[in-house]
Amino acid sequence: VQLQASGGGLVQAGGSLRLSCAASGRTASRYAMGWFRQAPGKEREFVAAISWSGTSTYYADSVKGRFTISRDNARSTVYLQMNSLKPEDTAVYYCAADPRYYSGVSYSESSYSYWGQGTLVTVSS
């Protein structure tokens with residue numbers, strides 16, 4: 001499975017961005033997917049996750065109510081809609097795939113075996 005993240009950029013505080021993660025591979029649509037981020041000088045942290053069917057989602061408290069994760073299995077693509085962006089959201093955002101065939105979601109990095117290259121989101125104050 002290969003993952004290609006895109007959609008990052010520079011945005012003012014309060015603005016919005018939508019990240020996309022395109023997955024290749026026949027079974028990619030059966031994987032739970034997650035978004036993580038790493039700010040300068042900080043460890044990578046969990047942002048959001050979605051089950052393979054899209055029926056279950058999970059968010060970090062810091063983004064709950066502002067970010068929405070979704071997926072289109074026909075396009076093998078996962079999205080992260082980010083609204084009301086804050087300067088502290090500035091980071092490189094990574095998408096990741098959890099290859100276990102199950103109906104849940106995970107916030108643990110160790111659950112994800114495949115990672116995209118990251119896309120930079122910069123929020124100016």
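Computed from a predicted structure; not experimentally measured. Residue positions are given per chain, counting from 1 as you read along its sequence in written order. Only residues with pLDDT of 70 or above have their local features reported here, since the model is predicted, and side-chain atom pairs are shown and tallied only from 80 upward, although totals for entire chains, interfaces and linings are computed over all residues. The basis for the side-chain values is all heavy atoms of the structure; hydrogens and waters are excluded.

For the rest of this paragraph, the subject is the overall build of the protein. Labels follow the DSSP assignment, with helices taken as runs of H or I lasting at least four residues and strands as runs of E lasting at least two, numbered in each case from the N terminus. Helices and strands together make up the secondary structure of the protein, namely zero helices and 11 strands. Each helix and strand of the protein, ordered N terminal to C terminal, gives the series β-β-β-β-β-β-β-β-β-β-β. Based on C-alpha atoms, the radius of gyration is set beside the globule rule, defined as 2.2 Å times the residue count to the power 0.38. On C-alpha atoms alone, the protein measures out to a radius of gyration of 13 Å, which is about the 14 Å that the 2.2 N^0.38 rule sets for 125 residues. For the protein, the C-alpha atoms occupy an extent of roughly 40 × 25 × 25 Å along the three principal directions. Expressed as a percentage of its 125 residues, the buried residues of the protein come to 44%. Within the protein, contacts between residues at least 6 apart in sequence are counted, and of these 58% link residues at least 24 apart. Exposure was quantified through the Shrake-Rupley algorithm and a 1.4 Å probe, taking into account, for residues, occlusion by the shown protein chains and nothing else. Of the accessible surface of the protein, which amounts to about 6300 Å², a share of 46% is contributed by carbon and sulfur atoms. Charge assignment: positive for Lys and Arg, negative for Asp and Glu; neither His nor the chain ends contribute. Lysine's charge is taken at NZ, arginine's at CZ, aspartate's at CG and glutamate's at CD. Computing the positive centroid from 12 side-chain charges and the negative centroid from 8, the protein places the two 7 Å apart. Partly exposed describes any residue whose relative accessible area lies between the buried limit of under 20% and the exposed limit of over 50%, with all areas from a 1.4 Å probe on protein chains only and scaled to the type maximum. The contact rule is simple, with two residues in contact once any of their heavy atoms fall within 4.5 Å.

Mapping Arg 100 onto the fold places it in the loop between strand E9 (91-98) and strand E10 (114-115). Spatially, the C-alpha atoms of Arg 100 and Gln 12 are 38 Å apart, while their sequence positions differ by 88 residues. One polar contact links Arg 100 to Ser 111, side chain to side chain, over a distance of 3.2 Å. Polar contact criterion, stated in full: a pair of N or O atoms within 3.5 Å, where within protein one must be able to donate a hydrogen and the other to accept it, and residues adjacent in sequence count only if both atoms are side-chain atoms.

Salt bridge, as used here: a side-chain nitrogen of Lys or Arg that lies within 4 Å of a carboxyl oxygen of Asp or Glu. Scanning the model with the defined rule gives seven salt bridges in all. Linking Lys 64 and Asp 61 is a salt bridge whose minimum nitrogen-to-oxygen distance equals 3.1 Å. Per residue, the accessibility class of Lys 64 equals that of Asp 61, and both read exposed. For Arg 66, the salt bridge is made with Asp 89, and the minimal N-O distance between the two is 2.7 Å. Taken together, the residues span a long stretch of sequence, with Arg 66 in the loop between strand E6 (57-59) and strand E7 (67-72) and Asp 89 in the loop between strand E8 (77-82) and E9 at a distance of 23 residues.

Aromatic rings from Phe, Tyr and Trp, taking only the six-membered ring of Trp, are treated as a pair when their centres fall within 6.5 Å; an angle between ring planes under 30 degrees marks them as stacked, one over 60 as edge-to-face, and anything in between as tilted. Counted under the stated rule, the structure contains eight aromatic pairs. Taken together, a centroid distance of 6.2 Å and an interplanar angle of 0° make the contact between Tyr 31 and Tyr 114 stacked. Within this pair, whereas Tyr 31 is found in the loop between strand E3 (17-24) and strand E4 (32-38), its partner Tyr 114 is found in strand E10, the two being separated by 83 residues in sequence. Exposure remark for Tyr 31: the relative accessible area of 7% places this residue in the buried category. One aromatic cluster in this structure is built from Phe 36, Phe 46, Tyr 58, Tyr 107, Tyr 112 and Trp 115. By the criterion adopted, a ring carries a charge over it if an Arg CZ or a Lys NZ lies within 6 Å of its centre and within 35 degrees of its normal. The ring of Trp 52 carries the charged tip of Arg 30 above its face, separated from the ring centre by 4.5 Å. Sitting above the plane of the Trp 115 ring, Arg 44 keeps its charged end 3.9 Å from the centroid.

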